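Observations on the model geometry
Spelled out, the chains give:
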Amino acid sequence: MLHFQLVSTSGTKYDDEVYEVLVPTRAGVVGIFEDHMPLISAAQPGVLSVRKKTNDPDSAMEHFAINGGVVEVDGKTVRFIADDITTSDEVSEQEANIALKRAEELVKNADSQVALHEAHRLLHHSSAKLHLAQLKKRHHR
Amino acid sequence: MAQTKIIQRRIRSIKNAKQITKALEVVAASRMRKVVEAVQRSRTYGNLASTIMERIAHSQEARQHPLFSRAADKPTLYIVITSDRGQAGAFNSNIFHLTIQSAKTERYRPQVVVYGRKGARFFAHLDGIELKGAYEDIADMPSVNVFAPLIEMIDEAMADGQIGAVKIIYTEFISPLTQKVSSFQLLPINHLMSNNASTMEQSAQQRGKTVYEFEPEIKDVLDEAIKLYFEAKLMQARIESAASEHAMRMVAMGNANRNASDLIDALTLELNATRQAAITQEIAEITGGAEAIAA
């Protein structure tokens, strides 16, 4: 088992033993199990997933929308910090949709390279939130 | 009678002032309670960011990074966190005092970025420092975006070699009755390694075995990690300062409120005495007059 700590500026979102953590990094999604090689990586805006027990099906996984962040793995512990982490309880599909539309607007109207970069990041973040909301809906069906 | 009128007027004005201090005290207390919860959260985040940063700082790649090396022979940038409003006891003057003390030890003219209106006014008139920026009306628990311009500025100034170190001067919240003015070295990050020798050796041994892999590239990871680290530390400093500000205001206003009550008590006694004196005087005059007629 792995110890997983997920902390954002608004507090600890997750702090418990888990079987597997799926982290979206810039080099693709990384699945982390016990005794993973020591790793420090920059995360990509997306959905981070946690499997608590070995036999849990995908539908029992817990998901979080993240806007980036840094993950540190030392084989026994996974630490993840990001300034904005959304749990599936906090997300609403409607709001995520609106945010996504707004981000798309921003990408279209970006007038500088920096603004475009920011807008893209926002776009990824809101689509991650939307994804999270849809995952949640699927479970409740 | 003129005397009693004056005393009555003074009592009334002190009563008004007392109402204001009472209101400020109650407001400060409730705001402090809210912020204190956030202090705990920001500490958790800040500590975790420090832990990760410490791990990174030990890697070979990080040692070559300019932000981790020894402080260059360059001016220091001070980030000073003050309040927008006064009536908080010695909150701002403690901060100013420490800033001036630290600035005196600098070899170069230090640069200052200040948060809070009180600080902005103070440093605008201060000689011997270079005011780089002043931000006002920052929320108690701001969003991380508030610090984006500052972080960008630090990145640029470090890259251009304008500054060699960055320190945050803020008020640490210990308890509602105790707060401490502190100075935290944000850059260079090597202080983490020399912070305390005994735990250092232990952890260095553990870390000797752990060689971290960086993915996708050390530069990307470092950029992201440093940004988060800055945000975490600035956020923590801001929230701790806000909690301290409210705590100090609460105590200061509580004292003012008590002083006002004491004054009212003393003045009420004086008022009664003067009124009684006036009455006695009047009776004495009447009886004196009656006796004169009778005689």
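Residues numbered from 1 in each chain as written. Chains lettered and ligands numbered in written order. Predicted model: local features only at pLDDT ≥ 70, side-chain atom pairs only at ≥ 80, totals over all residues.

Here we look at the overall build of chain A
Stated formally: In this text, helices come from DSSP runs of H or I with a minimum length of four residues, and strands from runs of E with a minimum of two, each type numbered from the N-terminal end. For the radius of gyration, the atom set is restricted to C-alpha positions; the globular benchmark scales as 2.2 Å times the number of residues to the power 0.38. Neighbour counting defines burial: a residue surrounded by 20 or more other C-beta atoms within 10 Å of its own C-beta is buried, one with 12 or fewer is exposed, and intermediate counts give partly exposed, using backbone-placed C-beta atoms. C-beta atoms are placed from the backbone for every residue, and two residues are taken to be in contact when these atoms lie within 7 Å.
For chain A, the count of helices and strands is two helices and ten strands. For chain A, the N- to C-terminal ordering of α and β elements is β-β-β-β-β-β-β-β-β-β-α-α. Compactness check: chain A gives a C-alpha radius of gyration of 15 Å against a globular reference of 14 Å for 141 residues, within 12% of the reference. When its C-alpha atoms are laid out on the principal axes, chain A stretches across 45 × 35 × 25 Å. Residues classed as buried in chain A amount to 38% of the 141 residues present. By sequence separation, contacts in chain A at least 24 residues apart represent 56% of the contacts at least 6 residues apart.

Observations regarding the overall build of chain B
Assigned secondary structure in chain B consists of eight helices and six strands. The helix and strand sequence of chain B, counted from the amino end, reads α-α-β-α-β-α-β-α-β-β-α-α-β-α. The C-alpha extent of chain B, read off along each of the three principal axes, is 115 × 40 × 35 Å. Put simply, chain B has 295 residues, and 32% of those count as buried.

Section: the interface of chain B and chain A
Worth spelling out the cut-off: A pair of strands is treated as paired once DSSP finds two or more bridges between them.
Counting from both sides, the interface comprises 25 residues of chain B and, opposite them, 24 residues of chain A. When residues of the side of chain B that touches chain A are traced back to their parent elements, those giving at least two are helix H1 (2–57), strand E6 (213–215) and helix H8 (218–294) of chain B. The leading source of residues in the side of chain B that touches chain A is H1(B), at ten residues. Examined bridge by bridge, strand E5 (residues 39–43) of chain A and E6(B) share three bridges and lie parallel to one another. By the bridge assignment for E6(B), Ser41(A) is matched with Glu215(B).

Notes on the domain arrangement of chain A
It is common to report an interface's size as the accessible area lost on association of the parts. All names here are of chain A. So the rule is basically this: Domain boundaries shown here were taken from an automatic or database domain assignment. Note on residue categories: nonpolar means Ala, Val, Leu, Ile, Met, Phe, Trp, Tyr, Cys or Pro, charged means Asp, Glu, Lys or Arg, and polar means any other residue, Gly included.
Its domain assignment divides chain A into domain 1 (2–87) and domain 2 (93–140). Contact residues are listed per partner, giving nine residues for domain 1 and nine residues for domain 2. By residue number, the principal contributor to the side of domain 1 that touches domain 2 is strand E7 (residues 62–66), which donates three residues. Considering only residue class, the side of domain 1 that touches domain 2 consists of four nonpolar, five polar and no charged.

Describing the domain arrangement of chain B
One can read the domain layout of chain B as domain 1 (2–22 + 252–294) and domain 2 (37–250). One C-alpha centre belongs to domain 1 of chain B, the other to domain 2 of chain B, and the line joining them spans 54 Å.

Thoughts on the sheet that holds strand E1 (residues 76–81) of chain B
Residue and element names in this part refer to chain B. Let me state the cut-off plainly: A fitted line through C-alpha atoms serves as each axis, taken over the contacting stretch for helices, and the angle formed by two N-to-C directions is quoted from 0 to 180°.
If you trace the five strands from one edge of the open sheet to the other, you get E3-E2-E1-E4-E5, paired in mixed fashion. Every interior strand has two partners, whereas the edge strands, strand E3 (130–135) and strand E5 (178–187), have only one. Averaged over all neighbouring strand pairs, the angle between strand axes comes to 20°, with direction disregarded. With respect to the sheet, H8 is in contact with E1, strand E4 (165–175) and E5, its orientation differing from that of E4 by roughly 40°.

Here we look at the pairing of strand E9 (residues 77–81) of chain A
Residues and elements named next belong to chain A. Judged by how many residues are buried, E9 sits mostly within the fold: four of five residues are covered. With four bridges joining them, strand E8 (residues 69–73) and E9 adopt antiparallel strand pairing. Among the inter-strand pairings, Glu 72 is bridged to a residue of E9, identified as Arg 79. Counted along the chain from E8 to the antiparallel partner E9, the turn is three residues long, and its residue Gly 75 has a positive phi close to 100°.

Quick word on the nonpolar core
Heads up, the condition is: Any set of buried Ala, Val, Leu, Ile, Met, Phe, Trp, Tyr and Cys residues joined through C-beta atoms within 7 Å is what this text calls a nonpolar core.
Ranked by internal contacts, the top residues of the largest apolar core, which has 95 residues, are Val70(A), Ile81(A), Ala49(B) and Ala225(B). If you tally residues by element for this core, the top one is H8(B), at 20 residues. Not counting chain neighbours up to four residues away, the residues in contact with Val70(A) comprise Ile40(A), Ala42(A), Ala43(A), Ile81(A), Ile52(B), Val221(B), Glu224(B), Ala225(B) and Leu228(B).

Some remarks on the pairing of E8(A)
All names here are of chain A. With respect to burial, E8 is a largely interior element, five of its five residues being buried. Burial along E8 is two-sided: the face carrying Gly 69, Val 71 and Val 73 and the face carrying Val 70 and Glu 72 are both buried. For E5 and E8, the ladder comprises five bridges, and the chain directions are antiparallel. Across the sheet, the residue bridging to Ala 42 is Val 70, located in E8.

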